[in-house]
Each structure stands twice: as structure tokens, then as C-alpha cells.
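Letter by letter, the chains look like this.
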Amino acid sequence: MADWTLGRCGQPYLGSAGGMSEIGIFMSSEEHSAPRIVDVARKAEQAGFRAMWLSDHFHPWVDAQGESSFVWATIGAIAGATDEMRLTTAVTCPTVRIHPAIIAQAAATSATLLDGRFALGVGSGEALNEHILGDPWPAIEQRLSMLEEAVAIIRELWKGDIVSYDGQHYVVDRARLYSLPDTPPDVLVSAFGPKALELAAQIGDGYINVAPEADMVAKYRELGGTGIAQGGLKVCWGADEEACVKEVLRLWPNEALGGELAQILPMPAHYEAATELVTEEHIRGTLPCGPDPDKHAAAIQEYFDAGYDEVYVSQIGDDQEGFLQFYANEVLPRFA
């Protein structure tokens, strides 16, 4: 065990409603290489984290992030490097770039490797990743229709039977998955708007969002949504708050973008252009930066107060070990 491991960080904590809640780690495939992600997953488990989000991208948001590894290979390596870590893709788009039958196979194999510790997080995707084969980028209504059909195909294939399907968006011809887990993984659905939220409540085993929006969680439950609600946020821990702000502005200026831009811009260069007017002041008001544990704890508490069961925290920058130690000592004990 590494000598910076100072305590169990990922134990369940009490949320605002008194239920058991968990704080996990969130790793971005856009910022870290696959070997680095696997290394941090191992160290995070040694430090006590028992849950992890892993993003699924073909391109980074901006070139400065510099990575974009194939998530399914990385998951296999994480399975071999950890013993207890639960992992959720946050999130996979199973509709355009990769056919849902292939996602069904990849997720089933991941579930066997992680032996009950895997959940498939899905969403309607971004043009940034999905345009690469020349497919047109559909409007949101069509993307959600594709997502609904894709999840139905995935679940049908997980039954282990021969599947033939001729639908509105996809064709499957006599396909059968032979490598299956004993229990199919949960499918959690990401939703940032009302139409996606309605679909998430209809087809999901849980809900994913990256904003502490209490009204969205409440509406998900009101619409009949069951299972866990997972929320994710980015932070930048470091001894110098101003240096952290500059690091966020360099690596993740897109965190300050609102609206639909995150779904429709096709290339990192477009995000770089869209974020030219983002300033250090915008970053200070967007996410916790620096060494003040009060700021980090308050950001997490917002999610628990909004009704989330699990909160996944992403450290921007390469000092993941320092982040783990800081959270072990200064942040997570506040939620015990």
C-alpha cells in the first residue's frame, strides 16, 4: 500500500435525507492516459474509494486535455488492478459511433471482469465524439428515440438468446452473446433536460447528472424513476488557489459553457473558440479551486442536499495522489 494512503475515503456517508450516500472518484479519459487512469484507480481503492466514474470519449473537449483512450480496454485493466471498486461509465453513447449490439457485448464482458461491480451509464451523446464516421448529428428528439431503442436491444441481448431486430434506427441479425455475467448490469441514464429526464425515468435503473439540480432529481422520482441518483463534479485541489484556477482555465475551460453547445460542437477547436471569452473569474464561480476544504465539502453537500445518493469527484490536473490525501484528511471526514 502506498505510503500516502491515510484512511478509508469511500465509505458510505449520510446524505441530507439520512440515507447512506457514497463519495466516489471520477476519472476523465479526455485528460488522463489509460495507464494513468488504471494507476489512479488502484491508488484510490487503496485509499478507500469504492466507486468510480470513467468517461467515454473519442475526442477530448480541448486539445490541452490531450487524451482520449478506448474506455473498454481501460475498464479491463481496472478490473485486474482493483478488487472492490465499482465502476460506471459516465457516460457511454450507444447510438451512433458504436452500434448498441457491440456496446452490449463490451458491457457484458466488463461486467464479467468486474464480477458485479460494473454499471453501464448511457446518454444521448455529443457531436464531438459521434460525427467521426460521417453520420449526421440528429436533433435531440431523434437522439432520445435512438437511445431508447439502443437500450432495449442491449437488454435483449443480455438475456443470452438469439436476437433479430428490425427497428426504426437499428438492425440486428441473429446475434447472440455467449459471454454474460450472472446478473445483467444496471443501466443508468444521463439526463440534463426535461425530455431526456422523462426517458431516463422510463428506461433507466438509475439517473446521472453533473449538476446539483434538486428539481431534476425530484422530477425523476416523480416520473417513476427508481434506483440510485449519481452526480458528478470537477474540482481542482492544490496548495495555491490561483494556480488551480489557471490550471482549470487551461485544461477545462469548457466547464463554464452552458446551453446545448456541449452537445452540438464537433471538434476540440470549436470548444477552444467557444471558450475564448471564459476568464479566471468565470472559473472561480464554476467549481472549487485550491486548498480550502470548506469549498470542496460545500460543493459535495450541494449534491447530497439535491437528493443524489452518490457523488463522484474529478480532480483536474495530474496531482491525483495529493488530491486523494487531501480528501482523506480534510474533506470526507466531514461527511462521516
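Because the structure is predicted, anything quoted here is derived from the model rather than measured. (Residues numbered from 1 in each chain as written. Predicted model: local features only at pLDDT ≥ 70, side-chain atom pairs only at ≥ 80, totals over all residues. Heavy atoms only, no water.)

Colleague: What should I look at first to understand the overall build of the protein in this one?
Modeller: In terms of regular secondary structure, the protein is built from 13 helices and 11 strands. By the compact-globule yardstick of 20 Å for 336 residues, the protein fits well, its C-alpha radius of gyration being 19 Å. Seen through its principal axes, the protein has C-alpha atoms that stretch 55 × 45 × 40 Å. Out of the 336 residues belonging to the protein, those deemed buried represent 55%. Of the contacts formed within the protein by residues at least 6 apart in sequence, a portion of 71% connects residues at least 24 apart. In the protein, which carries 22 positive and 49 negative side-chain charges, the distance between the mean positions of the two groups comes to 3 Å. (Helix = DSSP H or I, 4+ residues; strand = E, 2+ residues; numbered from the N terminus. Rg over C-alpha atoms; globule rule 2.2 N^0.38 Å. Buried < 20%, exposed > 50% of the residue type's maximum accessible area, 1.4 Å probe, protein only. Contact = heavy atoms within 4.5 Å. Lys, Arg positive; Asp, Glu negative; His and termini not counted. Charge placed at Lys NZ, Arg CZ, Asp CG, Glu CD.)

Colleague: Sorry, what's going on with the packing of aromatic side chains here?
Modeller: Aromatic ring pairs are described here by two measures, namely the spacing of the ring centres and the angle between the planes. Scanning all chains against the criterion turns up 10 aromatic pairs. Relative to Tyr308, the ring of Tyr303 lies with its centre 5.4 Å away and its plane at 55°, an arrangement referred to as tilted. The burial state of Tyr303 is the same as that of Tyr308; both residues are buried. Relative to Tyr327, the ring of Phe326 has its centre 5.6 Å away and its plane inclined at 70°; by these criteria the two rings are edge-to-face. Residue Phe326 is classed as buried on the basis of its relative accessible area of 8%. The exposure class assigned to Tyr327 is buried, which follows from its relative accessible area of 0%. One aromatic cluster is present, built from ring pairs that chain together Trp237, Phe323, Phe326 and Tyr327. (Phe/Tyr/Trp six-rings, centres within 6.5 Å; stacked < 30°, edge-to-face > 60°.)

Colleague: In this structure, what is going on with the pattern of salt bridges? I would like to understand it.
Modeller: Opposite charge on two side chains lets them pair, provided their charged atoms get close. Counting across every chain of the model gives 25 salt bridges. Taking the shortest distance from any N to any O, the salt bridge between Arg86 and Glu310 comes out at 3.0 Å. Of this pair, Arg86 sits in strand β4 (residues 86-89) while Glu310 sits in strand β11 (residues 310-315); the two residues are 224 residues apart in sequence, bridging distant segments of the chain. According to the relative accessible area criterion, Arg86 is partly exposed, its value standing at 27%. (Salt bridge = Lys/Arg side-chain N within 4 Å of Asp/Glu carboxyl O.)

Colleague: For this particular structure, what's the right way to read the layout of surface pockets?
Modeller: Space left empty within the atom packing is revealed by a probe, the size of a water molecule, rolled over the atoms. A volume near 330 Å³ is recorded for the second largest pocket. Looking at the lining of the second largest pocket, the elements with two or more residues in it are β4, α3 (100-114) and β5 (118-122). (1 Å grid on protein atoms, 1.4 Å probe; cavity = no way out; pocket = protein on both sides within 12 Å on 5 of 7 lines; lining within 4 Å. Points joined across faces, edges and corners; volume = space filled by probe spheres on them.)

Colleague: Quick question: what am I supposed to make of empty space enclosed by the protein here?
Modeller: Under the counting rule described, the total for this entry stands at 1 cavity of 30 Å³ or more. Lining the largest cavity are Asp56, Val91, Thr92, Cys93, Arg97, Gly123, Gly125, Glu126, Asn129 and Glu130. Residue composition of the lining of the largest cavity, by class: 2 nonpolar, 4 polar and 4 charged. (Nonpolar A, V, L, I, M, F, W, Y, C, P; charged D, E, K, R; others polar.)

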